[in-house]
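Observations on the model geometry
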Amino acid sequence: MTTYQQSPQDEGYSEDPLTIGMPSVSTTPLPPPWMSTMTVAERTEYVMRLIEQLPTSAVCQIVSRLSPRLYINFFQYLPPEVCLKILGFLDPISLIHTARASREWMLLALDRKLWEQLYMLEGFRVIRSEVVKFEAAINADRMRPSVHNDEEHASKRRATPQRMLSNLKTDDDYEMADAEAPKPTSIFGPLTSEPKKMAIKQEPRFDGDIQMTSPKSYTSVPSMTSDYPSRPSSNFPSRTSHRLSTGSTSISSRNPGHVSNMSSLVVVDRGDGKKKLNWQYLYSQRRRLEANWEAEKYTNFQLPHPNHQEEAHEECIYTIQHSGKYLVSGSRDKTLRIWNLNTQRLVRAPLRAHNGSVLCLQFDADPEEDLIVSGSSDATVVLWKFSTGQVLQRLRKAHRESVLNVRFDKRVLVTCSKDKTIKIFNRRPLSPGDRDYPYPTDAVNPVPTYLNNYGFSTGPSHGLPIKPAYTMIGCLEGHGAAVNAVQIHGNEVVSASGDRTVKVWNWPEQTCTRTLIGHTKGIACVQYDGRRIVSGSSDNEVKVFDKESGLEVASLRAHTNLVRTVQAGFGDLPYSSEEDQEVAKNVDAEYFKAVESGAITKTMFYQRGRPKNAGSRKPEDITAYGAKLPPGGGGGRFGRIVSGSYDETIIIWRRDKEGVWRNQHTLRQEEAAHAAARAAQKARAEAARNSSPRPTAQNTEIQTLTTSPSAPGPGSNDFYHQIIDAVVPQGPVVLRHTLQAHPQLLTYSYLGDVINQLPSASRTVLALVVAQQIHVQQSVQGLPPPSGTSTATQNTVTPAVVSSTAATQTAAPLVSTAQAPTPQQTQDATNAAYTANVNTLAQAAAVPLPQPNHPPQHHHLPANMARVFKLQFDARRIICCSQTSIIVGWDFANGDEQIIEASRFFAPVE
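Residues numbered from 1 in each chain as written. Predicted model: local features only at pLDDT ≥ 70, side-chain atom pairs only at ≥ 80, totals over all residues. Heavy atoms only, no water.

Here the focus is a nonpolar patch on the surface. Together, Ile72, Phe74, Tyr77, Leu78, Val82 and Ile86 give the surface a local cluster of nonpolar side chains, amounting to about 480 Å² of exposed area. In this structure, Leu78 sits in the loop between helix 2 (56-70) and helix 3 (80-87). (Patch = residues over 30% accessible without salt bridge, like charges linked within 9 Å, V, L, I, M, F, W, Y side chains within 5 Å. Areas by Shrake-Rupley, 256 points an atom, 1.4 Å probe, with all protein chains shown as cover. Salt bridge = Lys/Arg side-chain N within 4 Å of Asp/Glu carboxyl O. Helix = DSSP H or I, 4+ residues; strand = E, 2+ residues; numbered from the N terminus.)

In structure tokens, the structure reads:
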């Protein structure tokens with residue numbers, strides 16, 4: 001019987017499939033039988049000794065014969081469609097490793113559509129209209145070349161790797177421009193712009209650096225925040241190279257002049273030769289932007305531009321909304337103002353039509369809509385044409401009391417009011433039988449009884465009238481207090497009220513489908529995305545509710561006062577809904593197991609004072625079960641919640657690794673305004689120094705005080721002294737806006753000392769400004785003490801009193817007395833100075849007078865002078881308005897021109 005080694009091979013089975021293309025070795029003699037008794041280690045050592053006895057040429061031949069066994073380029077044998085499907089399962093870091101393997105692999109690994117899919121799978125979104133507009137613009141003047149034969153359409157040609165490589169060999173763009181001196185960089189590039197030369201720690205959340213070249217920029221869009229200070233940025237080396245994509249190539253070196261404004265955002269699709277958006281570059285810039293959010297790296301800006309303070313609102317700003325390059329604000333001064341975010345200037349003169357404070361607004365700058373809707377304390381709703389500022393319609397009988405919020409979509413306009421009602425208005429004329437036509441409440445909505453007229457103009461049947469646009473078609477009643485906020489989503493309206501409840505309504509049927517209870521005080525704001533309801537309340541909490549079950553899934557507590565405004569973006573992935581439901585079931589199952597095992601008792605569940613759950617999935621932290629959402633509300637890893645409060649702070653909430661919402665960053669509106677003002681002051685000083693050969697000592701001193709690295713922190717006496725030194729020489733307009741933003745300055749005698757040093761004419765004008773602001777503060781809520789000072793310091797601060805002689809034609813200087821007068825003496829002296837010559841000095845000062853009959857503010861928090869009223873964030877910025885007359889923003893592009901250039905396509909996290 002033959003041995004196993006001498007038996008013929010089984011030709012129907014092979015245990016060595018990785019021998020494709022190897023020459024046949026059937027004629028090779030078998031190894032001696034005694035080798036089968038050796039172990040693998042012994043055979044390996046034996047073979048290595050044999051190789052050592054062979055010449056180098058024989059060793060090379062052995063290596064070449066072993067290569068196909070060890071390395072197989074499966075891209076060579078699979079269709080590109082299958083290869084792209086395989087690559088679609090890789091994460092971005094692995095894709096970059098794949099691209100570094102070979103040129104052929106790089107073509108597939110950098111495929112434009114592949115990176116578009118990766119972008120979406122991160123939970124990011126794009127503004128599709130901007131993508132379409134961008135690609136149409138870069139292809140507008142392009143003549144389609146005759147690349148293929150007329151008998152064979154380009155889309156029918158198979159994009160095989162061989163064809164790609166053959167085209168690649170004749171493409172000059174393939175050669176790397178910086179191949180001779182490669183420079184290391186991360187796949188996602190630096191966290192901040194290249195000119196910034198400061199160090200930054202690597203964020204652990206993001207993957208490690210991969211040595212890879214990044215695209216070269218040609219011309220960059222100038223940053224609107226280049227004049228503002230930025231947080232520390234990373235010290236990365238400069239990088240320049242060209243990036244390729246499968247079926248596409250960078251056109252930067254091929255035709256740089258033609259797309260000089262496009263930078264690396266543009267690639268050429270090899271399939272049809274058209275220029276397309278470079279999704280790999282877009283993904284890279286979006287990840288860099290998210291890294292800046294993580295590291296709290298931003299620049300500050302304000303509206304109006306510090307050099308144009310005359311464009312500011314005259315009083316506090318209650319509401320804002322921004323979209324694209326436009327922002328619309330509504331103020332207590334009864335006006336709406338439209339701003340250009342790029343220039344930080346007004347687009348047109350203020351819009352005036354309301355007789356009361358503008359409390360809410362929404363706008364859509366799309367030419368198809370071209371609409372602004374505003375609500376006011378005069379109980380009216382005004383519709384404006386965005387492009388011209390013209391009043392289109394005024395809804396005088398919308399509500400009986402102040403209109404607190406307005407929202408509209410393509411179908412309806414929803415308003416809510418202090419009169420406890422929610423009103424629904426149609427946005428298009430409605431005929432009987434139309435989808436939203438309101439029928440009598442005592443009848444069931446009938447099926448239309450008239451026949452299809454096939455284009456013939458026949459009147460509605462049964463004599464039912466046509467409802468003109470903006471006719472009230474519904475009224476939702478059920479709240480027991482003022483309805484402070486509403487959101488609309490399809491057929492659902494979500495409302496938040498001072499009665500401590502959130503209600504979900506089916507507005508076509510005018511029924512309340514669910515009432516959510518959880519807050520212990522009145523609710524000021526609400527947001528709804530179809531699955532989650534996020535609310536902020538006077539109980540200082542932000543809560544997240546599951547809409548389907550009505551259960552509270554997260555409670556966020558870090559504010560110390562009323563949460564006035566909130567916006568949430570959970571970053572849902574394409575499969576989030578199903579995954580969140582599965583996670584919620586698993587969390588419930590773990591909780592019930594813990595209850596059955598005795599680890600958790602029912603008394604613990606109902607225990608009073610039990611800490612709220614901010615998203616923890618531990619059984620002992622669960623406060624409710626049966627929700628369709630997991631604790632925290634679910635979503636992607638780039639989700640965030642931003643809330644603003646009367647405690648003068650803005651908090652950015654992010655989830656940690658365990659899914660618990662944490663206070664990641666705390667921003668202060670006051671500090672942002674100071675940062676923007678200091679940068680503008682520095683820019684003005686530099687401009688003045690460049691234009692004047694001999695800068696004055698006063699200007700030099702102001703610049704030194706406002707830009708010194710050792711400047712004291714906000715709230716100290718030295719801090720307010722520096723503000724006084726900076727703003728007094730700039731004239732009455734800047735001083736008036738500064739005193740509105742910081743009434744604490746009125747309590748400092750140093751203000752009078754600085755004004756006394758000015759010429760007589762300037763003293764007269766500035767004296768009136770100070771008198772006006774003292775009069776306004778006393779009529780509203782009195783003079784607040786300077787924040788951040790000790791009790792002893794507050795007791796020794798001498799108020800800046802405007803004497804009666806300071807407001808006369810002789811313009812006597814302001815007197816800073818050594819002994820502080822009593823409050824009654826201060827008020828009498830101020831009122832006497834104000835009433836004596838206010839008209840004469842007002843003409844000289846050329847500043848508007850306060851309105852004696854203006855209603856006082858309804859908020860009674862004298863210590864808080866920068867309470868946040870409204871905020872909004874997008875992918876790049878947070879912008880907020882407050883009790884001051886200045887709108888403040890945080891730009892997380894951080895002055896990086898590449899991020900700014902790409903950010904036009906970034907939609908906010910939803």
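Next up on the list: the sheet that holds strand 34 (residues 887-891). Across the sheet, four strands lie side by side as 6-34-33-32; this open sheet has antiparallel pairing. One side of each edge strand has no neighbouring strand; the edge strands of this open sheet are strand 6 (299-303) and strand 32 (868-873). Between one strand and the next, the sheet's axes are offset by a mean angle of 20°, whatever the strand orientation. Pairing of strand 6 with strand 34 involves five bridges; the strand directions are antiparallel. Residue pairing for strand 34: Leu303 is matched across the bridge by Ile887. (Pairing = 2+ DSSP bridges. Axes fitted to C-alpha atoms, helices over the stretch in contact; angles between N-to-C directions.)

Inspection of the entire model under this criterion finds 21 aromatic pairs. Here the aromatic rings of Phe124 and Phe638 are separated by 4.9 Å at their centres, their planes lie at 35°, and the arrangement is tilted. Taken together, the positions of Phe124 in the loop between helix 6 (112-121) and strand 1 (125-126) and Phe638 in the loop between helix 11 (602-605) and strand 29 (640-645) put the pair 514 residues apart, joining distant regions of the chain. Summarising the aromatic geometry, the rings of Tyr298 and Phe892 are spaced 5.5 Å apart at their centres and angled 70° between planes, so their arrangement reads as edge-to-face. Placement of Tyr298 in the loop between helix 9 (279-295) and strand 6 and of Phe892 in the loop between strand 34 and helix 20 (897-902) is noted, with a sequence separation of 594 residues between them. The lysine or arginine in question, Arg867, covers the ring of Tyr646, its NZ or CZ lying 5.2 Å from the ring centre. (Phe/Tyr/Trp six-rings, centres within 6.5 Å; stacked < 30°, edge-to-face > 60°. Lys NZ or Arg CZ within 6 Å of the ring centre and 35° of its normal.)

Side chains that differ in sign of charge can pair as their charged atoms come close. Evaluation of the coordinates by the stated rule reveals 35 salt bridges. Measuring nitrogen to oxygen at the nearest pair gives 2.6 Å for the salt bridge that ties Arg332 to Glu315. One end of the pair, Arg332, is in the loop between strand 8 (326-331) and strand 9 (335-340); the other, Glu315, is in the loop between strand 6 and strand 7 (317-323), with 17 residues separating them in the sequence. Of the residues examined, Arg332 reaches a relative accessible area of 6% and is grouped as buried. Among the salt bridges present, the one from Asp529 reaches Arg532, with a minimum N-O distance of 2.8 Å. Judged by its relative accessible area of 28%, Asp529 falls in the partly exposed class. Members of the salt-bridge network, linked through shared partners, are Asp529, Arg531, Arg532, Asp572 and Asp580. (Buried < 20%, exposed > 50% of the residue type's maximum accessible area, 1.4 Å probe, protein only.)

Two elements in contact, helix 6 and helix 9, have axes separated by 7 Å at closest approach and are oriented at 30°. Classed by the angle they form, the pair helix 6 and helix 9 counts as roughly parallel. Of helix 9, the residues touching helix 6 (which contributes Arg112, Trp115, Glu116, Leu118, Tyr119 and Met120) are Trp279, Gln280, Leu282, Tyr283 and Arg286. (Parallel < 35°, antiparallel > 145°, perpendicular 65-115°, else oblique. Contact = heavy atoms within 4.5 Å.)

Attention shifts here to the sheet that holds strand 17 (residues 412-417). Ordered by their spatial adjacency, four strands build an open sheet running 16-17-18-19, and the pairing between neighbours is antiparallel. The open sheet is flanked by strand 16 (403-408) and strand 19 (472-477), the only strands paired with a single partner. On average, each strand axis in the sheet is tilted by 20° relative to the strand beside it, whichever way the strands run.

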